[in-house]
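Descriptive structure summary
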Amino acid sequence: KYLLQEKGGGGVGNGWVEQTNVFLAPDEREILELLCQGLITKEIAGRTHLSTRRVEQLLTRMFRKANVKNRTELVRWAVKTGNVQL
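In this report, the structure presented in the accompanying data block is examined.

Tracing the chain through its elements places asparagine 83 in the segment after helix H5 (71-80). A polar atom in the side chain of asparagine 83 sits 3.1 Å from the side chain of arginine 29. At a separation of 2.7 Å, a polar atom in the side chain of asparagine 83 contacts the side chain of threonine 81.

Moving on to the nonpolar core. Counting 21 residues, the largest nonpolar core has Ile31, Leu32, Ile44, Leu59, Met62, Leu74 and Trp77 as its most contacted members. Within the residue set of this core, elements represented by two or more residues are helix H2 (26-36), helix H3 (41-48), helix H4 (52-66) and H5. For this core, the element with the most residues is H4, which contributes six residues. Those residues within four positions of leucine 74 in sequence are excluded, and the remaining contacts are Leu32, Leu35, Leu59, Met62, Phe63, Ala66 and Val68.

On to H3, then. All of the buried residues in H3 are Thr41, Ile44, Ala45 and Thr48. End-on view of H3: buried residues confined to an arc of 100°, all on one side of the axis. Exposed residues lying more than 90 degrees from the buried face of H3 are Lys42 and Arg47. Among the structural elements, H2, H4 and H5 are those in contact with the buried residues of H3. Directly beyond the C-terminal end of H3, a positive phi value near 60° is found at histidine 49.

So, about H5. Among the residues making up H5, those that are buried are Leu74, Trp77 and Ala78. The arc that holds every buried residue of H5, seen down its axis, measures 100°, which confines them to one face. Seen from the buried face of H5, the exposed residues on the opposite side, beyond 90 degrees, are Thr72, Arg76 and Lys80. Looking at the packing, one finds that the buried side of H5 touches H2 and H4. Put simply, asparagine 70 is the residue that caps the front of H5, since its side-chain oxygen is 3.1 Å from the backbone nitrogen of threonine 72. Remark: glycine 82 follows H5 within two positions and exhibits a positive phi of approximately 85°.

How each quantity is defined
- Residues numbered from 1 in each chain as written.
- Predicted model: local features only at pLDDT ≥ 70, side-chain atom pairs only at ≥ 80, totals over all residues.
- Heavy atoms only, no water.
- Helix = DSSP H or I, 4+ residues; strand = E, 2+ residues; numbered from the N terminus.
- Polar contact = N/O pair within 3.5 Å; in protein donor to acceptor, adjacent residues only side chain to side chain.
- Core = buried A, V, L, I, M, F, W, Y, C linked by side-chain atoms within 4.5 Å.
- Buried < 20%, exposed > 50% of the residue type's maximum accessible area, 1.4 Å probe, protein only.
- Contact = heavy atoms within 4.5 Å.
- Arc of directions from axis to C-beta.

In structure tokens, the structure reads:
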């Protein structure tokens with residue numbers, strides 16, 4: 001945790017989720033917020049200036065981190081853990 005704080009990643013609001021200790025990188029957090037707004041992959045890619053392939057890779061990485069199987073479960077996890085406000 002000390003190393004993450006030194007690199008700017010520690011603390012609630014900077015990527016650490018209070019209830020789960022899951023660290024989300026800034027690009028993952030941005031994609032998660034857009035996903036929770038109901039955007040599809042192509043729309044997320046357009047807003048973030050990333051390729052659709054990169055958006056899919058980041059979503060897959062978040063699935064593993066949150067231990068979920070699909071987008072619906074990821075959104076539910078995000079709301080439950082306080083990662084997003086709906």
